[in-house]
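# Tertiary structure, described
Here's the letter readout for the chains.
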Amino acid sequence: MGRIIGIDLGTTNTAVDVIQDGRPRVIEDDRGYKVLPSVVSARGEGRFIVGQAAHNLILTSPDRTVYATKRLMGRRFDSPEVQRAMQRLQYQLSEAPDGGVLVKLGEEWMTPAEVAAVVLQVARSITEKALGETVDEAVITVPAHFNNAQRQQTLEAAQLAGLRCDRLLNEPTAAALAYGHRKNIDRTLVIFDLGGGTFDVTVLKLANGVYDVLATNGDTWLGGEDF
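## Topic: the side chain of R71
Considering the arrangement of structural elements, one finds R71 in the loop between β7 (65-67) and α2 (80-86). Residue classification places R71 among the buried positions, given a relative accessible area of 8%. The residues contacting R71, other than those within four sequence positions of it, are T11, G196, G197, T220, W221, L222, G223, E225 and D226.

Structure (C-alpha cells):
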C-alpha cells in the first residue's frame with residue numbers, strides 16, 4: 001500500500017498535497033510549480049502534453065488542446081450546460097453513445113473522465129517522483145453541488161489513472177477542515193470557494209470537532225475562466 005494523497009482536481013489547475021510529519025505539504029514538480037494546469041494537448045499516437053506546456057498551446061494549437069473539461073463531467077450532451085459550453089469552447093464536442101459528452105483531442109474522441117485521468121496520471125507521476133515512493137490512493141475534492149453522475153465520473157477518472165479514491169470530499173468542506181484543524185471552535189461558518197470554473201458557497205456548523213453542513217449551492221459558470 002502506498003501513501004494516500006489529497007488531490008484538488010480543478011477546472012483550471014490541479015494540486016496535490018500530502019501529510020508529512022503531521023503537516024500538509026503541497027507537492028512541487030521539478031520546475032518548482034505547485035499547481036498543474038488542467039490542460040491536455042494531443043501529440044499523436046496516444047501521447048499527450050499536460051500542464052503548463054499544454055496551457056501554452058491553447059492559442060497556437062486550439063484544435064489539439066482541451067481545457068475546463070471538468071465542466072462537462074457527468075453532463076448529458078443535450079443539457080443546457082453543454083450547449084452553452086459549445087458556444088464558448090474552442091475544441092469540438094460530440095454526443096457519446098450513452099448520451100453523454102465526448103471531446104475531440106487531436107484525432108481522438110475522449111470522455112471528460114478520460115481527459116481527467118490523463119491529468120491525474122501526470123499529477124500522480126509528479127508526486128511519486130517528489131516522494132520517491134508509490135502512490136495509489138487518494139482523496140479527491142469536488143464542487144459541493146456535484147451530482148451523482150459527476151461524482152461517478154470523478155471516481156472513474158481516478159480508477160483510469162491507477163488511483164483508488166478513498167473518498168470524494170466537497171471543496172468547501174475541505175476548506176473548513178483545514179480551518180478547524182486542531183482548534184477548539186464552536187461557530188457557524190460561511191465558506192466561499194471561488195475557483196477557476198465554479199463559485200461554491202457553503203454554510204457549515206463547526207462544534208466539538210463535528211462539521212455539520214447546513215446549506216450549500218454553487219454556479220458552474222462563475223469562475224476565473226469566465227472572468
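Past the structure itself, the notes keep going.
## Focus on the nonpolar core
Membership of the largest hydrophobic core comes to 48 residues, with the highest contact counts inside it found for I7, V40, L72, Y91, L93 and I140. Among all residues touching L93, those that are not within four sequence positions of it are L72, F77, V82, M86, V101, L102, V103 and W109. In terms of nonpolar packing, the next biggest core, distinct from the first, is built from six residues, I185, L189, I191 and L204 among them.

## Examining a nonpolar patch on the surface
A surface patch of nonpolar side chains, amounting to about 330 Å² of accessible area, comprises L194, L222 and F227. Looking at the secondary structure, you find L222 in the segment after β15 (210-219). A relative accessible area of 34% means that L222 is categorised as partly exposed.

## Structural notes on the sheet that holds strand β13 (residues 186-194)
Reading across the sheet, the three strands line up as β13-β14-β15 and stay open at both edges, with antiparallel pairing between neighbours. Strands at the two margins of the open sheet, each flanked by one partner only, are β13 and β15. Within this sheet the neighbouring strands show an average axis-to-axis angle of 15°, counted without direction. As defined by bridge partners, β13 adjoins strand β14 (residues 199-207) across nine bridges and the pair is classed as antiparallel. Directly across from R187, in β14, lies its bridge partner L206. The strands that helix α5 (residues 171-180) touches are β13, β14 and β15; relative to β13, the one it contacts most, it runs at about 130°.

## Side note on the sheet that holds strand β5 (residues 39-44)
Read across the sheet, three strands follow the order β6-β5-β7 without closing on themselves; strand pairing throughout is antiparallel. Here the strands that pair on one side only, and so sit at the sheet edges, are β6 (47-50) and β7. Strand-to-strand twist across the sheet, computed as the mean angle between neighbouring axes with direction ignored, equals 25°. As defined by bridge partners, β5 adjoins β6 across four bridges and the pair is classed as antiparallel. Looking across to β6, one finds that V40 is bridged to V50. In this fold helix α3 (residues 112-131) packs onto β5, β6 and β7, with an angle of close to 70° to the strand it touches most, β6.

Thresholds applied
- Throughout, residues of each chain are indexed from 1 in the direction in which the sequence is written.
- Predicted model: local features are reported for residues with pLDDT of at least 70 only, side-chain atom pairs are reported and counted for 80 or more only, and whole-chain, interface and lining totals are derived from all residues.
- Hydrogens and waters are ignored; side-chain quantities use all the structure's heavy atoms.
- Here a strand is any run of E in DSSP of at least two residues, a helix any run of H or I of at least four, and the numbering for each starts at the N terminus.
- Only protein chains enter the accessibility calculation, which uses a 1.4 Å probe; a residue is then buried when its area is under 20% of its type maximum, exposed when over 50%, and partly exposed in between.
- By the convention used here, residues are in contact when the closest approach between their heavy atoms is within 4.5 Å.
- To form a nonpolar core, buried Ala, Val, Leu, Ile, Met, Phe, Trp, Tyr and Cys residues must be joined to one another through side-chain atoms within 4.5 Å.
- Grouping into patches uses exposed residues only, defined as over 30% relative accessible area, and leaves out salt-bridged ones; the cut-off is 9 Å for like charges and 5 Å for nonpolar side chains (Val, Leu, Ile, Met, Phe, Trp, Tyr).
- The Shrake-Rupley method, run with a 1.4 Å probe sphere, supplies the accessible areas, and residue values consider only the shown protein chains as cover.
- Salt bridges are identified by distance alone: a Lys or Arg side-chain nitrogen within 4 Å of an Asp or Glu carboxyl oxygen.
- When DSSP locates at least two bridges between a pair of strands, those strands are taken to pair.
- Helix axes are fitted to C-alpha atoms over the stretch in contact, other axes to C-alpha atoms as well, and angles between N-to-C directions run from 0 to 180 degrees.

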